[in-house]
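Listed here are the chains, written in short residue letters.
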Amino acid sequence: MMDKATRLKVALQKSGRLTDNSLDLMVRCGLKYSRGKDQLMCYGENMPLDLLFVRDDDIPDLVQQDVCDLGIVGLNVIEEKRLAFQAKGVQPLFDQLMTLDYGKCRLSIAVPDGVEYKDARSLHGKRIATTYPNILARYLRQRDVQAEIVTLSGAVEIAPRLGRADFICDLVSTGSTLLANHLWEAETILESQAAIITTPVPVSAEKQDWIHRLTMRIDGVQQVKESKYIMLHAPRSKLADIRKLLPGSESPTIVPLDGNGDKVAVHAVCRENVFWETLESLKGAGASAILVLPVEKMLA
Ligand code: ATP
Ligand code: ZN
């Protein structure tokens, strides 16, 4: 089962914010798997692909060392590792294959309530706590700001209250953690989302083929999420108006209706969400018998 030459090994986060979405993505791409006893691996039953569960911070290293062919991890971790390798004089070898539509967050400078912050110069001579010292150092360097970076491995948000730092630089998505810790978001220094990285080491033709198939399937999965299939009837004379109302659709299929010379059926894939308001506008423009169906799979 574990043939290194033919089976793809994909590193996913073991337990955390990216885990459910990453596993769900693999399943939507068609993967059926069985779990290993140790819960560290899942073995693909219908695809030559196995999943390895690890801490997200280890994923770039596993791909760098060619232990895994692919890994799913946040751009924040990818960028931090890339800079850390460069700082050590090691060339980062992992390539970014594609970004994914989840794990969205931003790395931001946050400031304790009541403390003033105007721009990066406000950080001059201050202590900033973070788990992303390399990204922060680059940001400060680019702005010619001298500040002390306090590198922590977690619980960054309580550093100001403990007197360990004046500011923090941490990941934010909704901002509720900042709020709960009496901090406000002053500046974003990196936008992040999940991404797939791949080894630059040449792989066998079989593996390459599966990497290609997997990326095509992921593309399809990401596209159908928002897509809907719309079917409706319309008088020919109203077609131009109705086409304008179909959200994000390419050329629709127009079929004559049997025994009804004036009316046609319009079928279209809409790549955006279809709201009730859109249906009401379509009806207002002369459409009838409007059906909206989910799209399950799509291959461009
Ligand atoms: P691990 O035990 O694997 O090291 P972790 O504590 O480093 O886990 P999580 O908190 O699960 O990691 O976050 C994993 C990734 O999810 C982050 O690196 C980031 O890319 C993304 N993410 C999305 N929203 C947030 C958020 N609000 N806070 C932190 N990370 C977020
Ligand atoms: Zn981590």
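In this text the structure is predicted, and so the values were computed from the model without any measurement.

A separate point is the site of ligand 1. In the vicinity of ligand 1 lie 15 residues, with R17, R55, D57, N76 and S173 positioned nearest. A distance of 2.8 Å is found between an oxygen atom of ligand 1 and a side-chain nitrogen or oxygen belonging to Q13. Between ligand 1 and the protein, one listed contact pairs an oxygen atom with a side-chain N or O atom of D57 at 2.8 Å. Protein burial of ligand 1: of its 630 Å² of free accessible surface, 77% is covered by the chains. Applying the majority rule of atoms within 2 Å of the grid points places ligand 1 in the largest pocket. Broken down by class, the residue content of the shell around ligand 1 amounts to four nonpolar, six polar and five charged.

A word on the layout of surface pockets. Its volume calculated, the largest pocket comes out at about 1000 Å³. Lining the largest pocket are 37 residues, with D56, N76, T131, Y132 and L171 sitting closest to its centre. The set of elements that each furnish at least two residues to the lining of the largest pocket consists of α3 (75-87), α4 (133-142), β10 (167-172) and α5 (176-180). Here the lining of the largest pocket takes five residues from α3, the largest share from any one element.

As recorded in UniProt, the feature "domain: Histidine biosynthesis HisG C-terminal" (unreviewed entry) lies at residues 226-297. Summarising residues 226-297: 22% helix, 43% strand, and an end-to-end C-alpha distance of 12 Å.

Taken as a whole and judged by the stated rule, the model has two aromatic pairs. Ring centres of F85 and F94 lie 6.1 Å apart, and the angle between their planes is 50°; on these two criteria the pair is classed as tilted. The pair formed by F85 and F94 is uniform in burial state, with each residue classed as buried. Between Y117 and F167, the ring centres sit 6.2 Å apart and the planes meet at 75°, which makes this aromatic pair edge-to-face. Of this pair, Y117 sits in the loop between β7 (105-112) and β8 (127-130) while F167 sits in strand β10; the two residues are 50 residues apart in sequence, bridging distant segments of the chain. The buried category is assigned to F167, whose relative accessible area is 2%. The ring of F53 has R35 lying over it, and the distance from NZ or CZ to the ring centre is 5.3 Å.

With that out of the way, let us pick up the pattern of salt bridges. Think of it this way: side chains of opposite charge can pair up when their charged atoms draw near. Per the stated rule, a full pass over the model turns up 12 salt bridges. The residue K225 makes a salt bridge to D101 at a minimum N-O spacing of 3.2 Å. One end of the pair, K225, is in the loop between α6 (205-224) and β13 (228-235); the other, D101, is in the loop between β6 (95-99) and β7, with 124 residues separating them in the sequence. On the accessibility criterion, K225 (39% relative accessible area) is partly exposed.

Across the sheet, five strands lie side by side as β9-β8-β10-β7-β11; this open sheet has mixed pairing. Strands with a single pairing partner mark the edges of an open sheet, and in this sheet they are β9 (148-151) and β11 (183-192). When the angles between neighbouring strand axes are averaged without regard to direction, this sheet yields 30°. Across three bridges, the pairing between β8 and β10 is parallel. Opposite I128, over in β10, you have F167 as the bridge partner. Contacts from α3 reach β10 and β11 within the one sheet, and its direction differs from that of β11 by about 75°.

Among the secondary structure elements, T130 is positioned in strand β8. Non-local contacts of T130, meaning those with residues more than four positions away in its chain, are made with L136, I149, V150, T151, L152, V156 and C169.

The rules behind each value
- Residues numbered from 1 in each chain as written.
- Chains lettered and ligands numbered in written order.
- Predicted model: local features only at pLDDT ≥ 70, side-chain atom pairs only at ≥ 80, totals over all residues.
- Heavy atoms only, no water.
- Near = heavy atom within 4 Å.
- Polar contact = N/O pair within 3.5 Å; in protein donor to acceptor, adjacent residues only side chain to side chain.
- Areas by Shrake-Rupley, 256 points an atom, 1.4 Å probe, with all protein chains shown as cover.
- 1 Å grid on protein atoms, 1.4 Å probe; cavity = no way out; pocket = protein on both sides within 12 Å on 5 of 7 lines; lining within 4 Å.
- Sits in = over half its atoms within 2 Å of the grid points.
- Nonpolar A, V, L, I, M, F, W, Y, C, P; charged D, E, K, R; others polar.
- Points joined across faces, edges and corners; volume = space filled by probe spheres on them.
- Helix = DSSP H or I, 4+ residues; strand = E, 2+ residues; numbered from the N terminus.
- UniProt positions renumbered as here; feature names shortened; annotations may be inferred.
- Phe/Tyr/Trp six-rings, centres within 6.5 Å; stacked < 30°, edge-to-face > 60°.
- Buried < 20%, exposed > 50% of the residue type's maximum accessible area, 1.4 Å probe, protein only.
- Lys NZ or Arg CZ within 6 Å of the ring centre and 35° of its normal.
- Salt bridge = Lys/Arg side-chain N within 4 Å of Asp/Glu carboxyl O.
- Pairing = 2+ DSSP bridges.
- Axes fitted to C-alpha atoms, helices over the stretch in contact; angles between N-to-C directions.
- Contact = heavy atoms within 4.5 Å.

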